[in-house]
Amino acid sequence: MTDSAILDIPGVSEKLELPIHKCTLGNDVIDVNGFGKSGYFTYDPGFVATASCESKITFIDGGKGVLLYRGYPIEQLAEKSSFLEVCYLLLKGELPSEEDFATFKHKVTNHTMVDEQICKFFSGFRRDAHPMAVLVGTVGALSAFYHDSLDIHNEEHREISALRLIAKMPTLAAMCYKYSIGQPFMYPQNDLSYAQNFLQMMFSVPTEDFRTNDVLARAMDRIFTLHADHEQNASTSTVRLAGSTGANPFACISAGIAALWGPAHGGANEACLRMLKEIGHEDNIGKYIEKAKDKKDPFRLMGFGHRVYKNMDPRAAIMRSTCHEVLEAVGDSDDPLLKIAMKLEKIALEDEYFIQKKLYPNVDFYSGITLSAMGIPTSMFTVIFALARTVGWISHWNEMIGDPKHRIGRPRQLYTGPTKRDFVDFDKR
Ligand code: SDX
């Protein structure tokens, strides 16, 4: 295959020779960086066919339903690894030796507490504030506490910021929940695993010892792994764009949390559970399927469809089996919402509209039912998604900042507004 593409543009005398960069997996890319000299811009609203960067972190094959973290299939990591080991893998690119993993785990464990002053932040919010609004604010404010590590060009500062974020997100997430229900904040416990610690901070109370449930802790850990990274999705692209200006990592992660909140992205798990509750009974599924197909109706089947996956999202299949495990463990195996979800999935997958548009369940379809069965309120679903995705965001941020060639992101546009005109005084309008 040639290493460049030749573009013949009407009215441009010289043909454009555009370099082609080779991939290890997926699509090679045509480099249009020098395209501007042609007098044209490329145009790709929603970045459907645009590679914004080069990355070595995560690969998705949407046609085959493949997801690799640093080359390792998500199915193997979900079954054999742990979220903290996946954090190490995403951040550093390789699976750790036992010794390196023990050191990493020790560092994360010893950064799980937040400055006591942060507790005062919460009292400024109403108790019924959406936890995502609180999380955006508190994570963005973290940079106010870590003046010692904000030099983004210092590799050690980048590493300690990544550790602090991975370590403190469960603490902050649990604080958002505790604040919303009027219960006292619970401190992290160093003798618990990452997922057990999160569940402890969410559900324990000072008045009694907390009994961890290993099935729920394992399921929580797997949910974190499934949500850890997903290449250049909207929130990761937000973090990269914010980071390209030189903003500190806490501000960049806060921007990522804000982007994730949307129902078309990370907010879909919350929207999906609300949708299942609104459907209410299997007999109503047909009506909602028709609504989803009606172009005039903005309703979409939450938890279905994906920009990249045109096959089953591999995370959805793992999420489905985890959902059954959790429902079994909590003694809710005949959860009516699960029955509606499974019937909805079956009907949609057999419907010509969904088949033709290659719409399959995505990671958000079963996560809501699973989290709900674990006693986690709907408003906390996207907070948990943000907790897990923080390692992906900071890994991409680190990859970009660590690349000496990186530049500030500054897209151009197709301008179709008014041409130049003179100001008109009131009496002449
Ligand atoms: C996540 O990017 C990532 O990797 C995201 C994520 C991650 O890990 O970071 O995987 C997490 O965000 C998963 C997606 C969660 N969102 C939802 O479940 C919300 C419902 N899904 C849709 O909003 C939609 O499918 C998107 C937003 C996910 C994808 O939108 P696209 O790629 O822009 O696709 P599209 O809107 O252009 O849809 C293509 C066609 C359209 O019909 P036509 O205009 O071609 O006639 O499919 C239709 C859409 O109307 N369609 C749906 C549908 N999703 C797409 N119709 C009904 N129900 C749906 N859910």
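Now for a quick tour of the structure. Everything numeric in this text was worked out from a predicted model, so none of it was measured. (Residues numbered from 1 in each chain as written. Predicted model: local features only at pLDDT ≥ 70, side-chain atom pairs only at ≥ 80, totals over all residues. Heavy atoms only, no water.)

In this section: the overall build of the protein. Per the secondary structure count, the protein includes 17 helices and 6 strands. Overall size of the protein, expressed as C-alpha extent along the three principal axes, is 80 × 65 × 60 Å. Across the 429 residues of the protein, 46% fall into the buried class. Restricting the contact set of the protein to residue pairs at least 6 apart, pairs at least 24 apart contribute 70%. (Helix = DSSP H or I, 4+ residues; strand = E, 2+ residues; numbered from the N terminus. Buried < 20%, exposed > 50% of the residue type's maximum accessible area, 1.4 Å probe, protein only. Contact = heavy atoms within 4.5 Å.)

Our focus in this paragraph is the sheet that holds strand β4 (residues 58–61). One open sheet holds the 3 strands; their spatial order is β4-β5-β6, and the pairing between them is antiparallel. Both outer strands of the open sheet, β4 and β6 (72–73), are each paired with one neighbouring strand and no more. In terms of strand pairing, strand β5 (residues 66–69) meets β6 through 2 bridges, oriented antiparallel. In the sheet register, L68 faces β6, and the bridge partner there is P73. (Pairing = 2+ DSSP bridges.)

A word on the side chain of S204. With respect to the helices, strands and loops of the structure, S204 is situated in the loop between α7 (194–203) and α8 (214–226). Looking at S204, its side chain comes within polar contact range of the main-chain oxygen of Q200, at 2.7 Å. Residues in contact with S204, not counting those within four places in the same chain, are K178, Q183, M186, L199 and F210. (Polar contact = N/O pair within 3.5 Å; in protein donor to acceptor, adjacent residues only side chain to side chain.)

Turning our attention to the pattern of salt bridges. Applying the stated criterion across every chain yields a total of 20 salt bridges. The residue K92 makes a salt bridge to E159 at a minimum N-O spacing of 3.3 Å. Placement of K92 in helix α2 (residues 83–92) and of E159 in helix α6 (residues 155–180) is noted, with a sequence separation of 67 residues between them. Connected via shared salt-bridge partners are D3, K22 and D28. (Salt bridge = Lys/Arg side-chain N within 4 Å of Asp/Glu carboxyl O.)

With that settled, the discussion passes to the packing of helix α9 (residues 234–243) against helix α10 (residues 249–260). Interaxial distance between α9 and α10 falls to 8 Å at its minimum, and their mutual angle equals 150 degrees. Classified by the angle between their axes, α9 and α10 sit roughly antiparallel to one another. Crossing hand, α9 versus α10: right-handed. Residues A234, S235, T238, V239, A242 and G243 of α9 form the contact with α10, whose participating residues are C252, I253, A255, G256, A259 and L260. Class assignment for the residues of the contact of α9 with α10 results in 8 nonpolar, 4 polar and no charged. (Axes fitted to C-alpha atoms, helices over the stretch in contact; angles between N-to-C directions. Parallel < 35°, antiparallel > 145°, perpendicular 65-115°, else oblique. Left-handed = near helix turned anticlockwise from the far one by under 90°. Nonpolar A, V, L, I, M, F, W, Y, C, P; charged D, E, K, R; others polar.)

Another point: α8. In a regular helix each residue adds 1.5 Å, so 13 residues correspond to 18 Å; α8 covers 18 Å between its end C-alpha atoms and thus fits that length. In terms of residue burial, α8 counts as a mostly covered element, since 10 of its 13 residues are buried. For α8, the set of buried residues is L216, A217, A219, M220, D221, R222, I223, F224, T225 and L226. Measuring from the side-chain oxygen of the N-cap residue of α8 to the backbone nitrogen of V215 gives 2.8 Å; that N-cap residue is N213. (Expected span 1.5 Å × (residues − 1).)

Taking strand neighbours across the sheet as the criterion, the 3 strands line up as β1-β2-β3 in an open arrangement whose pairing is antiparallel. Each edge of the open sheet carries a strand with a single partner, namely β1 (4–7) and β3 (29–30). As defined by bridge partners, β1 adjoins strand β2 (residues 16–21) across 4 bridges and the pair is classed as antiparallel. Each residue of the ladder has a partner; that of I6, found in β2, is E17.

With that out of the way, let us pick up the layout of surface pockets. If you add up the space inside the second largest pocket, you get close to 310 Å³. Surrounding the second largest pocket, 21 residues form its lining, L84, L192, S193, Y194 and A195 being those nearest its centre. Mapped onto the lining of the second largest pocket, the elements with two or more residues apiece are α3 (98–109), α6, α7 and α8. Here the lining of the second largest pocket gets 5 residues from one element, more than from any other, and that element is α7. Here the residues of the lining of the second largest pocket are counted per class, giving 11 nonpolar, 7 polar and 3 charged. (1 Å grid on protein atoms, 1.4 Å probe; cavity = no way out; pocket = protein on both sides within 12 Å on 5 of 7 lines; lining within 4 Å. Points joined across faces, edges and corners; volume = space filled by probe spheres on them.)

No statement about biological role is implied by the geometric values presented.
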